[in-house]
Structure formats: structure tokens, C-alpha cells
Amino acid sequence: RRNAASGKLQDAASAADFDARVGEGQALCHFWAPWCEPCKHMDQLLEVLAESYPDAAFLRIEAEAVPELSERFRVAAVPFFAA
């Protein structure tokens, strides 16, 4: 199954958006915060990975803006990754 926006790092703005983007496929989720400098560096790496693995979804989730996903994945600190 090929992701609709393959090859790109995508933002998931809500739990529903996340669920729609992931579907049944593979995904790597990066929980981040705008004040977290290491998160910005991780975005650069994930952009390269997204281009290298177009069949997987690479999603950014702002941890404080989407608390339902942060709770679902038990995010305690950022950057945080889930697959």
C-alpha cells in the first residue's frame, strides 16, 4: 500500500487526521514541540527518511496541541518517536 503523500514528512493536526493518514500502513510518528530545539534537528532527519522510504508514512504531531494522541502513545517528553 502506497501512502497518498509518500516521500514527505506530514503534520497530523488531530487524532482523526492521524488515523486517516496512517490507515493500515506503516508509520513513524515524531511527537514534537515548537520550543524544543532537538525536535527541529529530528525533522531534518525525518525529511530524508521520508524520501528514502516512500511506502511508509512519516508524521509530525505537536504533542501539546494534540493531547489525545500524546496520551494514546504515552508521550512523557519530546522529541518522542512511535512506530
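You'll find the structure just up there.
In this convention, every chain numbers its residues from 1, walking through the sequence in written order. Given that this is a predicted model, residues contribute local features only at a pLDDT of at least 70 and side-chain atom pairs are listed and counted only at 80 or more, while totals for whole chains, interfaces and linings are drawn from all residues. Side-chain measures were taken over the full set of non-hydrogen atoms in the model, leaving aside hydrogen atoms and water.

## Details of the packing of aromatic side chains
Part 1 of the argument: For this analysis, a ring pair means two rings from Phe, Tyr or Trp (six-membered ring only for Trp) whose centres lie within 6.5 Å, classed as stacked if their planes differ by under 30 degrees, edge-to-face if by over 60, and tilted for the remaining angles. Enumeration according to the criterion identifies three aromatic pairs in this entry.
Part 2 of the argument: Geometrically, the ring pair formed by Phe31 and Phe73 is tilted, given 5.5 Å between the ring centres and 55 degrees between the ring planes. Taken together, the residues span a long stretch of sequence, with Phe31 in strand 2 (residues 27-32) and Phe73 in the loop between helix 3 (67-72) and strand 4 (80-82) at a distance of 42 residues.
Part 3 of the argument: Throughout, exposure labels follow a simple rule: accessible area from a 1.4 Å probe, protein chains only, divided by the maximum for the residue type, with under 20% read as buried, over 50% as exposed, and the rest as partly exposed. Note on Phe31: relative accessible area 0%, which makes it buried.
Part 4 of the argument: Look at Phe73 and you get partly exposed, because its relative accessible area is 23%.
Part 5 of the argument: Between the aromatic rings of Phe31 and Phe80, the centroid separation amounts to 5.9 Å while the plane-to-plane angle is 70 degrees, which identifies the pairing as edge-to-face. Here Phe31, found in strand 2, pairs with Phe80, found in strand 4; they are 49 residues apart in sequence, far enough to count as distant.
Part 6 of the argument: The exposure class assigned to Phe80 is partly exposed, which follows from its relative accessible area of 23%.
Part 7 of the argument: Here, a charge over a ring is recorded when the distance from Lys NZ or Arg CZ to the ring centre is within 6 Å and its angle to the ring normal is within 35 degrees. A cation sits over an aromatic face here: Arg60 above Trp32, 4.1 Å from the ring centre. Secondary structure counts use DSSP, requiring at least four H or I residues in a row for a helix and at least two E residues in a row for a strand, with both numbered from the N terminus.

Coordinates in, geometry out; function isn't part of it.
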